[in-house]
Amino acid sequence: MRPTDTSDPHYYHRVVDCQWGCPAHTNVPEYIRLIALGRYTDAYMLNRKSNVFPGILGRTCDRPCEPACRRTRLDGEPVAICRLKRVAADLRDDDIRPLLPAIPEKKNGKRILLIGAGPASLTVANDLMPLGYEITIYEKLEKPGGLMWNNIPQFRLPPRVLNEEIDYILDMGVDLRTGHEVDSMAAVLEEGWDAVFIGTGAPRGKELDLPGRWDDPDHVHIGIDWLQSIAFEHIDSIAPRVLVIGAGNTAMDCCRSAKRLGGTDVKVMARKPRPLFKASPWELEDAEGEQIDILENHSPTRFLSENGKLTGMEFEIVRWHEQEGGRLKKEVLDTVVLPCDEVILAIGQDAAFPWIERDIGIEFNDWEMPVVDKSTFATSLPGVFVGGDAAWGPENIIWAVEHGHQAAISLHRYCQGEPVEDRPPYGQNLVSVKMGLHEWSYSNDFDGAQRAEMNYADLRERLKSMEVEAELGFDIERALQETERCLNCDIQTDFTGPLCIECDACIDICPVTCLTITPDGPEDEVRLRLTVPQIHPDQPLFASEPLPHTGRLMMKDEDLCIHCGLCAERCPTAAWDMAKSDLLVPYAGLEAGQIHPTRSGAPLEVSA
Amino acid sequence: MSYITKPRVHHPALPTNSLGLTRRDYEGSMSTLCAGCGHDSITAAIIEAAWELELEPHMVAKLSGIGCSSKTPTYFLGKAHGFNSVHGRMPAIATGASAANRGLTYLGVSGDGDSLSIGIGQLCHAIRRNVNMLYVLENNGVYGLTKGQFSASADLGSTAKKGEVNRSEPIDPVLLALTLGCGFVARSFSGDKAQLIPLIKAGLAHDGFALIDVISPCVAFNDHQGSTKSYKYTRDHLEEAVAADFILPMAEITTSYEAGQGRTVEMHDGTRVRFRKVPEGYDPTDRDHAYAYLRDRAHVAEVPTGLLYIDTEDRAMHSVLGTVQTPLVDVGWDELCPGEDALAGIMERWR
């Protein structure tokens, strides 16, 4: 079996499940340790480096890190990573501007246009402004932020949090032009930009064209448009009985908004059974916590109205059967009519590019989407890049941020005349955390505590208006309790084969039976000889070089390691050590591990 | 030794035995021995063997004397009975306990100091009485707890950590046990669990005194060049001479063997021992032959391991004494002490 190369930054990166799961590779265990140390500003700045909007994401992130969290596999509940991120944002110093990158007075002469002021474009601006670019953003609405302000309701994301983090970027000297709708890409190209980035999102809500849809159009709304009208304060009320069609996160924002604007009987109607809902489990729970019914297996068939006034909707009650190839086929069991006064359609959204001429060199595919390279975010027209939801349809904020980082690298390379396909390599720092005979510089004991619960504002209070933030955030005690649940997966069990005397001490002490010493052989065969069979074969499996005494291999199934360090404490020859792996991520104009000088000249101190 | 205790959390796929227990349920408290001590591996092997045998922890008595080895019963079977005796006196306690309650499984753990110096007489007599117990002798050739003096099992010419040469002949517990008529004699190595675990299971199941001499390197004081009980030396010189499987009466034989390979020995209590590998012409039921073979291999500095000798006859203590099947602790007081009249009757027989 081939020995594992732990000097490849991606091996240990995969062991840090949360960081691997995060599109922007946020260094989660490190910021959690910083919170535990009370260094909230450092935790915030570490977050900001990769995900740019810690305060916003600490409230609204889709949290790909949490299902990935090792703790989920161990005792069912992930560390409340997202809520801890909010703790860092809530408790940090008020003014972090001195720690932001210095912006050169003298510009580099390159002018870049970003279309749309959502999270993808803002990330591009954040990464390129410190390099001396002149950045202009065209935004068709009156305010920047994209879906972060016009789709996410205020009770989930207060405007002060949103505006502050957007302003950190705009105040770098970005030329933001709001109310500037682009209706011709050809015209934009004629303006002579050195490069253009399209971050226009997926602003077109899907229509549900069933019989009766247009009988009373004033009482049937497209979800994202309706949410935007609330953000614009064009809508401030809704009739009592509301049906929300769809079970994604937009549907959750719609139903909870409806509940605050006068809806007393609000139902979410889903075609599929609950496990197939697109909405995150916690958003479903939050909606149900606000007395909203979520009905599964209800497939809408028509809108009903009397005298031009919407009275209800008819649904088929269905059961789903899996066909060959995984497709679901429905069986209709019954039909039912649910009375209602208004309907909100939240069944998906698309990107749309009526404003890009098809003959200017930007290639489009059969679905009327531009052809975008997965790693460079380049279109077929040199100098034009696409990211965020505009690239491949709706994702979420954290993906838009990562798209922004990658596009910024491409834009920078393009403007410097370097090939955009050559992507800068990742790096890794690996440093022992040994402090003494049995002492490590991290909290290595396993804490069996259950996941900390969120505190919510009083239900009656919060349903009174759109402005009362529903989640109160963790207080310090709860935050500290939760930080101890983190398994410090970035503190790696680092093995030096030539030192091993095969005494079995590590194998005997390991509480989660990760380790095996076994004769070499083909990988499939060796896998079968592990002390406990792998239950997640997709998780990394470490194999040492042949050991000096017997030529056998030290194997480690990384899956459930709790990083308690007992193997290293029990190792008489220090063949095992606990070493912190720090994934070094390259950004535009920065090699892996490099950082911009700060505005105040103060060093960014982030290591815990 | 570590500052944190082993967390209770375990692998969710850890198998359970018929009692619903995982291996973790057979652990004791955290070891305080030096990191890398062979004794900790033996502890792990005992835990695995007890789990596989599906022993009920409360039906096991673990006994020990004094020394590093004798600390180890604390580290396994936390829910079993335990007795930490005076130095070298564990066999006497085990004999008494076994006499009083034959219903428990007895597991003695001792070291080369406890067994071959201060307690050698006790060991000899426990073997002679054929107490029904497994006696694990954790043999590292050195007094680790007092910082590295030669023990009675240190080989002639081997050196201490600072270079002094040992000028005394060693006592080999395997040869000693063979001489004394021990019915189950085995040798193994702490670094070879694949061999050690089945031997421990066989020793626990064996009806009578079972001795396993386990080479168990002392990482702190006897793991250097010049040592003949180091990890390196043991690995280079041990030879698995006899490979055997112990088959309980109820167990089905599932392993298939080619014709002419190995040999099955039927025991008096219905258990069977299947020898998978023995040296050419070796007879593991012939005491004299085993003795001669071991002496012969010692001359070429080879350390043969495995189940080296087994006696098929029933000569265990309770059988020899003719005691009742019911453990004496469960026999009613009136029956156990029938009173003055009965005593007078017995005395009358000797007049």
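Residues numbered from 1 in each chain as written. Chains lettered and ligands numbered in written order. Predicted model: local features only at pLDDT ≥ 70, side-chain atom pairs only at ≥ 80, totals over all residues. Heavy atoms only, no water.

Draft legend 1. Examining the nonpolar core more closely. Counting 72 residues, the largest nonpolar core has Ile135(A) and Met185(A) as its most contacted members. With 9 residues, helix H17 (residues 397–415) of chain A is the largest single contributor of residues to this core. Two domains each put at least three residues into this core: domain 1 (9–94 + 450–483) and domain 2 (102–203 + 351–415) of chain A. When neighbours within four sequence positions are excluded, Met185(A) is seen to be in contact with Ile115(A), Val196(A), Ile198(A), Trp355(A), Ile356(A), Glu357(A), Ile360(A), Ile362(A) and Val384(A). The next biggest cluster of nonpolar side chains, apart from the first, holds 70 residues, and it includes Ile47(B), Phe76(B), Val109(B) and Ala177(B). (Core = buried A, V, L, I, M, F, W, Y, C linked by side-chain atoms within 4.5 Å. Buried < 20%, exposed > 50% of the residue type's maximum accessible area, 1.4 Å probe, protein only. Helix = DSSP H or I, 4+ residues; strand = E, 2+ residues; numbered from the N terminus. Domains from an automatic or database assignment. Contact = heavy atoms within 4.5 Å.)

Draft legend 2. The interface of chain A and chain B, seen in detail. Taken residue by residue, the interface counts 33 residues in chain A and 32 residues in chain B. Buried surface at the junction of chain A and chain B, both sides included, amounts to about 2600 Å², of which 60% is carbon and sulfur. Along the contact surface separating chain A from chain B lie 3 salt bridges. A salt bridge links Asp40(B) to Arg570(A), with the shortest nitrogen-to-oxygen separation between them at 2.9 Å. Applying the counting rule to chain A against chain B returns 13 residue pairs in polar contact (both at pLDDT 80 or more). Looking at the side of chain A that touches chain B, the elements with two or more residues in it are helix H7 (70–75), helix H20 (505–509) and helix H22 (566–570) of chain A. (Buried area = accessible area lost by both parts, 1.4 Å probe. Salt bridge = Lys/Arg side-chain N within 4 Å of Asp/Glu carboxyl O. Polar contact = N/O pair within 3.5 Å; in protein donor to acceptor, adjacent residues only side chain to side chain.)

Draft legend 3. Structural context of the domain arrangement of chain A. All names here are of chain A. For chain A, the assigned domains read domain 1 (9–94 + 450–483), domain 2 (102–203 + 351–415), domain 3 (205–347) and domain 4 (491–583). Here the C-alpha centroids of domain 1 and domain 4 sit 31 Å apart. Counting from both sides, the interface comprises 16 residues of domain 1 and, opposite them, 21 residues of domain 4. Together domain 1 and domain 4 conceal approximately 1500 Å² of surface at their shared face, both sides included; 53% is due to carbon and sulfur atoms. Area buried by domain 1 at its contact with domain 4 is led by Tyr12, Arg70 and Arg73, which between them contribute 38% of it. Put simply, Lys580 and Glu30 hold a salt bridge, and the shortest N to O gap is 3.2 Å. Scanning the region where domain 1 abuts domain 4 turns up 13 residue pairs in polar contact (both at pLDDT 80 or more). Broken down by secondary-structure element, the contributors of at least two residues to the side of domain 1 that touches domain 4 are helix H1 (9–15), helix H2 (17–21), helix H3 (28–36) and H7.

Draft legend 4. Representation of the pairing of strand S10 (residues 298–306) of chain A in the model. Residues and elements named next belong to chain A. Sheet topology note: the S10/strand S11 (residues 309–322) ladder contains 8 bridges and is antiparallel. The partner of Phe303 across the bridge, within S11, is Met313. Here S10 folds back onto S11 in antiparallel fashion, the turn holding 2 residues, of which Asn307 has a positive phi close to 50°. (Pairing = 2+ DSSP bridges.)

Draft legend 5. Highlighting helix H4 (residues 40–51) of chain A. Taking 1.5 Å of rise per residue, 12 residues should cover 16 Å, and H4(A) covers 16 Å from first to last C-alpha, within 8% of that figure. Among the residues making up H4(A), those that are buried are Tyr40(A), Thr41(A), Asp42(A), Ala43(A), Tyr44(A), Met45(A), Leu46(A), Asn47(A), Arg48(A), Ser50(A) and Asn51(A). (Expected span 1.5 Å × (residues − 1).)

Draft legend 6. Representation of the sheet that holds S10(A) in the model. Residue and element names in this part refer to chain A. If you trace the 3 strands from one edge of the open sheet to the other, you get S10-S11-S12, paired in antiparallel fashion. One side of each edge strand has no neighbouring strand; the edge strands of this open sheet are S10 and strand S12 (328–339). Looking at each pair of strands side by side, their axes are set apart by 20° on average, direction ignored. (Axes fitted to C-alpha atoms, helices over the stretch in contact; angles between N-to-C directions.)

Draft legend 7. Region of the structure containing unusual backbone geometry. Located in the positive-phi region is Gln291(A), a residue other than glycine, with phi close to 60°. Topologically, Gln291(A) is positioned in the loop between helix H15 (281–289) and strand S9 (293–295). Take Gln291(A): its relative accessible area is 53%, and that puts it in the exposed class. For Lys147(B), which is not glycine, the phi torsion reads 75° and is therefore positive. Along the polypeptide, Lys147(B) turns up in the loop between strand S5 (142–143) and strand S6 (149–150). Using a relative accessible area of 65% as the deciding quantity, one classes Lys147(B) as exposed.

Draft legend 8. Inspection of the sheet that holds strand S20 (residues 515–518) of chain A at higher detail. Residues and elements named next belong to chain A. Spatial strand order, S20-S22-S21: 3 strands in an open sheet with antiparallel pairing. The open sheet is flanked by S20 and strand S21 (541–543), the only strands paired with a single partner. Taking the axes of each pair of neighbouring strands and ignoring which way they run, one obtains an average angle of 20° across the sheet.

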